[in-house]
Amino acid sequence: MTLDLRIFTEPQQGATYDDQLAVARTTEELGFSAFFRSDHYLAMGDGAGLPGPTDAWTTLAGLARDTSTVRLGTLVSSATFRHPGVLAIQVAQVDQMSGGRVELGLGTGWFQAEHSAYGIPFPDKRFGLLEEQLAIITGLWETPVREQFSFSGEHYQLTDSPALPKPTQSPVPVLVGGGGPRRTPALAARYGTEYNQAFPEIDAIGPRVRVIEKALSEVGRAPESMVQSVALVAAVGQDEAEFSRRAAAIGREPGELREHGVAGTVGEVVDRLKALEADGIQRVYLQILDLADLDHLDLIAREVRPQLG
């Protein structure tokens, strides 16, 4: 199996819908398997984030109609942003609109400032929210048509839901991420089709893959039933000068990018990706921070991807 490369964007840093559409269509045209975006409402760092945030699932609904083949998803939606019944309806609808191309990444949420900025509650303990949301969303989708779904938990109660609409896919791929030592792997093994490591230290990736494989074994799942993925910042150059220019464009130091990301010249990036594959990673989300630089995606598709097998 060839390592799967996906494009992952951070539109809260400053991107219109049209900016995202241009990247999504380029992603599709170049043959990357998916376009994913973050789910945030506030820019991070020193950037102004103009013209302002775009809602992840509203954006994906538009992209569902404005693209044809590329898969679409969130890395990751925050359990604090939406009630699970509403999110189940949204994702099912966007999946229908796309012809069955949607994937749901769901996490606890972590960025307190964006909650304060837009009046969204941010409880101190959020793992229980995530756990119940995964149970509810998958439960609603799995309930047979003309049957009802009920749920009584600490955070959410659903009574006699018709559990509609259904997504086109059965099941919708569900991505779970997080760094907890026990609860997160167990949650991923119970509900996930994919486990994602978001911006880990490179030497921690292989050991974490083994942790997830152990959690799968404990619930009787085969390791191959879970896609193991990682999200890392990408900055690639045909030569050192081009790489340095791309690093400067996103405000990062070349040495730091090489240490923590998929970064450097083409040969260096191929070596990093092959090393990730050797660690058990099957899919890499390339975090693209300069959405105007579509030539960057072309370089990765033309020079890097063919060397991966």
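Above this note sits the structure.
Residues numbered from 1 in each chain as written. Predicted model: local features only at pLDDT ≥ 70, side-chain atom pairs only at ≥ 80, totals over all residues. Heavy atoms only, no water.

Peer 1: Help me out: how do you make sense of helix H1 (residues 17-29) in this one?
Peer 2: For an α-helix, 3.6 residues make a turn, and residues three or four places apart therefore share a direction. For H1, which comprises 13 residues, the first-to-last C-alpha distance of 18 Å matches the rise-based estimate of 18 Å (1.5 Å per residue) to within 8%. Among the residues making up H1, those that are buried are Gln20, Leu21, Val23, Ala24, Thr26, Thr27 and Glu28. Looking at the buried positions of H1, the neighbouring elements they touch are strand S1 (4-9), strand S2 (34-37), helix H2 (56-66) and helix H11 (294-304). Downstream of H1 by one or two residues, Gly31 has phi in the positive range, about 85 degrees. (Helix = DSSP H or I, 4+ residues; strand = E, 2+ residues; numbered from the N terminus. Expected span 1.5 Å × (residues − 1). Buried < 20%, exposed > 50% of the residue type's maximum accessible area, 1.4 Å probe, protein only. Contact = heavy atoms within 4.5 Å.)

Peer 1: Looking at this structure, I do not really get the packing of aromatic side chains. What am I missing?
Peer 2: Two aromatic rings are characterised by how far apart their centres lie and by the angle between their planes. By the definition in use, this model includes five aromatic pairs. By the ring-pair criterion, three or more aromatic residues cluster together here, those being Tyr41, Phe81 and Tyr118. One cation-aromatic arrangement involves Arg305 over Phe32; the distance from NZ or CZ to the ring centre is 4.9 Å. (Phe/Tyr/Trp six-rings, centres within 6.5 Å; stacked < 30°, edge-to-face > 60°. Lys NZ or Arg CZ within 6 Å of the ring centre and 35° of its normal.)

Peer 1: What is the right way to read the packing of helix H6 (residues 183-191) against helix H7 (residues 205-218) from this model?
Peer 2: Relative orientation and spacing of two packed helices are given, respectively, by the angle between their axes and the distance between those axes. At a closest axis distance of 8 Å, the pairing of H6 and H7 adopts a crossing angle of 55 degrees. Judged on the interaxial angle alone, H7 and H6 are oblique. When the axes of H6 and H7 are compared, the crossing they make is right-handed. In this structure, H6 contributes Thr184, Pro185, Ala186 and Ala189 to the contact, and H7 contributes Arg208, Val211, Ile212, Ala215 and Leu216. Each residue belonging to the contact of H6 with H7 can be placed in one class, and the counts come to seven nonpolar, one polar and one charged. (Axes fitted to C-alpha atoms, helices over the stretch in contact; angles between N-to-C directions. Parallel < 35°, antiparallel > 145°, perpendicular 65-115°, else oblique. Left-handed = near helix turned anticlockwise from the far one by under 90°. Nonpolar A, V, L, I, M, F, W, Y, C, P; charged D, E, K, R; others polar.)

Peer 1: In this structure, what is going on with the pairing of strand S12 (residues 283-288)? I would like to understand it.
Peer 2: Within a regular strand, the side chains alternate between the two sheet faces. Counting buried positions along S12 yields six of six residues, so the element is predominantly enclosed. Residue alternation in S12 divides its side chains into two sets, Arg283, Tyr285 and Gln287 and Val284, Leu286 and Ile288, and both sets are buried. Where S1 meets S12, six bridges bridge the pair, whose relative direction is parallel. The partner of Phe8 across the bridge, within S12, is Gln287. (Pairing = 2+ DSSP bridges.)

Peer 1: Whenever I open this one, the nonpolar core confuses me. Can you help?
Peer 2: Side chains of a nonpolar character, in soluble globular proteins, are inclined to be buried together. Leu5, Trp57, Trp141, Leu273, Leu276 and Val284 are the most contacted members of the largest nonpolar core, which has 77 residues in total. Broken down by element, this core gets its largest block of residues, nine residues, from helix H5 (residues 127-142). Discounting residues that sit within four places of it in the chain, Leu276 has contacts with Ile205, Val230, Leu232, Val262, Ile281 and Val284. (Core = buried A, V, L, I, M, F, W, Y, C linked by side-chain atoms within 4.5 Å.)

Shape descriptors only; they carry no functional weight alone.
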